[in-house]
Amino acid sequence: MGFFYDYFNTNRSVIYIHTEKGEYYAGERVTGTVTISVTEPMHVDGIFLKIKGFQLVSFDTTEWRTERFGPKATDTRQVAYTVNHCEKDAFFRKRFCLYNQRCTLQVANYVFPFDFRLSEDLPGVFKYGKEGKTPLAKIVYKVKAEVAVPEWHKFNLKHTQLLNVHRPLNQKISNAMAFKEQNVTFCCCVSKGHVNMSAKIDKNAYAPGETVMLRLLVDSRACQVDIDHVSFKLIQSIDLRVRSRSWSWGGTIVKSTTARIPHGTKTDRGIPLLLPRDLLPSTSSSLIDCTYDVQVLLSIPWCSDVLLRVPVQIYVPQLYDYQKDFK
């Protein structure tokens, strides 16, 4: 606010929000305090706490239009142009009154506790892309404490803090298994038998930085060709929506490859896959979806590959004790 703030507001009182934890899951209770240090008597109309969750999506699409380039009506051509699609949606709002009396706060320190519960269906915090560029997708939560000041020439006293809200696990953590049997056809027409593949991963949900352990059983006793290699991948899919338009991206985040499997054998292998520590969490909202699949691929030369997919969730655990940072 610069000059105007200094000119109209000479009160140097301070307001500060402190939550009991640094991270919360949807459906959890949020507790904390609002502390106000009053340096000179201050008239107030009330003290309020506001919580807001919003999502922002921005991406570009290529559109086509018809333009004339000559004197004849048939002298037309298709010209490409870029259209930006952007939407901001405040999907969660709450307002609490911490102190509802009009009064004058004398010089002192005041502490107002707060306690509220988050909705259970909230998406987790999320950010994909860079500010000022497209595509960009983010989910943000903010909590703001505000002292309403009645004097027209003074600004309300405010403090805003980001609130880290994470999506809880969709289901209990357990093993995930999948099985597939596929005929092997050489050059799309010559049968070379069939392959059975069974994949078992140790969990159906992981935190960034953890290791996915795959146990792979491959039965190629009825197959007449070698399996060149086995690829073990984590595939990320991001889908953004703005009204009738959409943008999608899917790609390999991390990959592990094993050696050749001879035909006519039955193989049991354990394959580790270390996940990046900066991996985005799974999330789902009206504008943003981020999902993950574990993919196991048997690559057979001159034949169709054998593909198996197992969906997994990437979640954010409680990584540290927030209160220790303030002791």
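Summary of the structure given here. Throughout, residues of each chain are indexed from 1 in the direction in which the sequence is written. Restriction of local features to residues with pLDDT of at least 70 applies here, the model being predicted, together with a cutoff of 80 or more for giving and counting side-chain atom pairs; totals for whole chains, interfaces and linings are based on all residues. Only heavy atoms go into the side-chain values, all of them from the structure, while hydrogens and water stay out.

### Structural notes on the packing of aromatic side chains
Right, so step 1: The rule is short: rings of Phe, Tyr and Trp, with Trp giving its six-membered ring, pair when the centres are within 6.5 Å, and they are stacked under 30 degrees, edge-to-face over 60, tilted in between. Inspection of the entire model under this criterion finds five aromatic pairs.
Right, so step 2: Ring geometry for phenylalanine 114 versus phenylalanine 116: centroids 6.2 Å apart, planes at 25 degrees, classification stacked. When sorted by exposure, phenylalanine 114 lands in the same class as phenylalanine 116, which is buried.
Right, so step 3: Three or more aromatic residues joined by ring pairs make a cluster, and in this case those are Phe96, Phe114 and Phe116.
Right, so step 4: Only Lys NZ and Arg CZ are tested; either one counts as a charge over a ring when it is within 6 Å of the ring centre and within 35 degrees of the ring normal. Its end group placed over the ring of phenylalanine 54, lysine 88 keeps NZ or CZ at 4.5 Å from the ring centre.
Right, so step 5: We note arginine 95 situated over the ring of phenylalanine 48; from NZ or CZ to the ring centre the distance is 4.1 Å. When accessible area is computed with a 1.4 Å probe and restricted to protein chains, residues below 20% of their type maximum are described as buried, those above 50% as exposed, and intermediate ones as partly exposed.

### Re empty space enclosed by the protein
Right, so step 1: Only protein atoms enter the 1 Å grid used here. Points where a 1.4 Å probe fits but cannot escape make up a cavity, open sets with protein on both sides within 12 Å along at least five of seven lines make up a pocket, and a residue lines them when an atom lies within 4 Å of a point. Grid points are joined across faces, edges and corners, and a volume is the space filled by probe spheres set on the points. Under the counting rule described, the total for this entry stands at one cavity of 30 Å³ or more.
Right, so step 2: Volume-wise, the largest cavity comes out at about 50 Å³.
Right, so step 3: Taken together, Gly124, Val125, His166, Arg167, Pro281, Ser282, Gln313, Ile314, Tyr315 and Val316 make up the lining of the largest cavity.
Right, so step 4: Its residues placed into classes, the lining of the largest cavity shows five nonpolar, four polar and one charged. Charged means Asp, Glu, Lys or Arg here, nonpolar means Ala, Val, Leu, Ile, Met, Phe, Trp, Tyr, Cys or Pro, and polar covers whatever is left, Gly included.

### So, the pattern of salt bridges
Right, so step 1: When a carboxyl oxygen of Asp or Glu is within 4 Å of a side-chain nitrogen of Lys or Arg, the pair counts as a salt bridge. Considering all chains together, one arrives at 15 salt bridges under this definition.
Right, so step 2: Glutamate 210 is the salt-bridge partner of lysine 203, the closest N and O atoms lying 2.9 Å from each other.
Right, so step 3: One network of salt bridges, in which partners are shared, links Lys127, Glu131 and Lys138.

### Remarks on the environment of glutamate 87
Right, so step 1: Numbering of helices and strands runs from the N terminus, with a helix taken as a DSSP run of H or I at least four residues long and a strand as a DSSP run of E at least two residues long. By the element assignment, glutamate 87 lies in strand S6 (residues 76-99).
Right, so step 2: Considered as a pair, glutamate 87 and valine 242 are 155 residues apart in the sequence and their alpha carbons are 6.3 Å apart.
Right, so step 3: Contacts between residues were defined by any pair of non-hydrogen atoms, one from each residue, lying within 4.5 Å. If near-sequence neighbours (up to four positions away) are discounted, glutamate 87 is found in contact with Gln55, Leu56, Val57, Val242, Arg243 and Leu287.

### Quick notes on the side chain of threonine 283
Right, so step 1: Counting through the fold element by element, threonine 283 comes out in strand S20 (residues 283-284).
Right, so step 2: The buried category is assigned to threonine 283, whose relative accessible area is 1%.
Right, so step 3: A distance of 3.4 Å separates a polar side-chain atom of threonine 283 from the backbone nitrogen of glycine 124. Whenever two N or O atoms come within 3.5 Å, that pair is a polar contact, provided that in protein one can donate a hydrogen and the other can accept it, and provided that, for residues adjacent in sequence, both atoms are side-chain atoms.

### Observations regarding the side chain of glutamine 236
Right, so step 1: By the secondary structure assignment, glutamine 236 is in strand S17 (residues 229-242).
Right, so step 2: According to the relative accessible area criterion, glutamine 236 is buried, its value standing at 5%.
Right, so step 3: A distance of 2.8 Å separates a polar atom in the side chain of glutamine 236 from a polar atom in the side chain of tyrosine 292.
Right, so step 4: Ignoring sequence-local partners within four residues, the contact set of glutamine 236 consists of Trp249, Gly250, Gly251, Ile253, Leu280, Cys290, Thr291 and Tyr292.

Purely geometric numbers; function is a separate question.
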